[in-house]
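# Structural characterization, general
If you want the building blocks of each chain, they are given just below.
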Amino acid sequence: MSSSKHQPIVLLLLCLLAGVLLHLSHADVGTAGRYSTPYLPTACFGNDPAQFPSSNLFGAAGEGIWDNGASCGRQYQVRCISAAVPRTCNPDRTIQIRIVDRAQTSRSRPTLNGATIVLSNTAFAAIANASATSINIEFVQ
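A brief structural summary.

Basis of the calculations
Residues numbered from 1 in each chain as written. Predicted model: local features only at pLDDT ≥ 70, side-chain atom pairs only at ≥ 80, totals over all residues. Heavy atoms only, no water. Pairing = 2+ DSSP bridges. Helix = DSSP H or I, 4+ residues; strand = E, 2+ residues; numbered from the N terminus. Core = buried A, V, L, I, M, F, W, Y, C linked by side-chain atoms within 4.5 Å. Buried < 20%, exposed > 50% of the residue type's maximum accessible area, 1.4 Å probe, protein only. Contact = heavy atoms within 4.5 Å. Axes fitted to C-alpha atoms, helices over the stretch in contact; angles between N-to-C directions. 1 Å grid on protein atoms, 1.4 Å probe; cavity = no way out; pocket = protein on both sides within 12 Å on 5 of 7 lines; lining within 4 Å. Points joined across faces, edges and corners; volume = space filled by probe spheres on them. Nonpolar A, V, L, I, M, F, W, Y, C, P; charged D, E, K, R; others polar. Polar contact = N/O pair within 3.5 Å; in protein donor to acceptor, adjacent residues only side chain to side chain. Phe/Tyr/Trp six-rings, centres within 6.5 Å; stacked < 30°, edge-to-face > 60°. Lys NZ or Arg CZ within 6 Å of the ring centre and 35° of its normal.

Looking now at the pairing of strand S1 (residues 28–34). Looking along a regular strand, one sees side chains alternate from face to face of the sheet. Of the pairings in the sheet, the one linking S1 to strand S6 (residues 134–140) comprises six bridges and is antiparallel in character. Paired with Asp-28 across the two strands is Phe-139, which belongs to S6. Where S1 meets strand S5 (residues 117–119), three bridges bridge the pair, whose relative direction is parallel. The residue of S5 that forms the bridge with Gly-33 is Val-118.

In structure tokens form, the structure reads like this:
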């Protein structure tokens, strides 16, 4: 076989590799805290209990992603990448959360003011040690 017959396959493989690498580069980094209970969201959907996913994996948008309320209902994949205390993160776990509130105006106070995303206790515990107050995260919509 001539090498020209392999060129389309090599080109296709290079395009696929570039697509994967470019997709991974779209993730953002930020910080996450968790809510103190009881959780009483109001900014997105009022007091409607249907807003909460059955998994209890939800959160509130910090000012950096609030987007004048457009973040309400958005889904984010979130992963813990580091924390002040070693071995706090569960780095092999990525979760999907739904934004149901605005962190700044939430009635339930977050453990970290100015966080990018404030997670429900269930969501926080899924990716990090539940006793931590804040973590550094990687997230993508």
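Having put the structure on the table, let's press on.
Val-78, Ile-95, Ile-97, Ile-117, Leu-119 and Ile-135 are the most contacted members of the largest nonpolar core, which has 24 residues in total. Broken down by secondary-structure element, the contributors of at least two residues to this core are helix H2 (63–66), strand S3 (75–82), strand S4 (94–102), S5, helix H3 (121–127) and S6. In terms of residues, this core owes the most to one element, H3, which gives four residues. If we skip the residues at most four places from it in the chain, Ile-135 touches Gly-30, Thr-31, Ala-32, Cys-80, Ser-82, Ala-83, Thr-88, Phe-124, Ile-127 and Ala-128. Counting eight residues, the second largest nonpolar core, distinct from the first, contains Tyr-35, Tyr-39, Ala-103 and Ala-115.

What follows concerns the sheet that holds strand S2 (residues 58–61). On the basis of which strands lie adjacent, the closed barrel formed by six strands has the order S1-S5-S2-S4-S3-S6 and mixed pairing. When strand polarity is set aside, the average angle formed by the axes of neighbouring strands in this sheet is 45°.

A volume near 180 Å³ is recorded for the largest pocket. Taken together, 14 residues form the lining of the largest pocket, with Ala-83, Val-85, Thr-88, Ala-132 and Ser-134 sitting closest to its centre. The element that contributes the greatest number of residues to the lining of the largest pocket is S6, accounting for three residues. Counted by class, the lining of the largest pocket contains six nonpolar, seven polar and one charged residues.

Our focus in this paragraph is the side chain of Gln-51. When you line up the elements, Gln-51 lands in the loop between S1 and S2. Among the polar contacts made by the side chain of Gln-51, one reaches the main-chain carbonyl oxygen of Gly-46 at a distance of 3.1 Å. There is a polar contact of 3.0 Å between the side chain of Gln-51 and the backbone oxygen of Asp-48. Discounting residues that sit within four places of it in the chain, Gln-51 has contacts with Pro-41, Phe-45, Gly-46, Arg-98 and Val-100.

Here we take up the packing of aromatic side chains. Taken as a whole and judged by the stated rule, the model has two aromatic pairs. If you follow Arg-34 out to its NZ or CZ, it ends over the ring of Phe-124, 5.7 Å from the centre.

Okay, unusual backbone geometry next. Despite not being glycine, Asp-67 shows a phi value in the positive range, around 55°. Relative to the helices and strands, Asp-67 is located in the loop between H2 and S3. Among the residues examined, Asp-67 registers a relative accessible area of 44% and is labelled partly exposed.

Let's shift gears to the pairing of S2. Bridging between S2 and S4 involves four bridges; their strand directions are parallel. Bridge pairing in S4 places Gly-59 opposite Ile-99. Across three bridges, S2 lies against S5 in antiparallel orientation. Across the sheet, the residue bridging to Ala-61 is Ile-117, located in S5.

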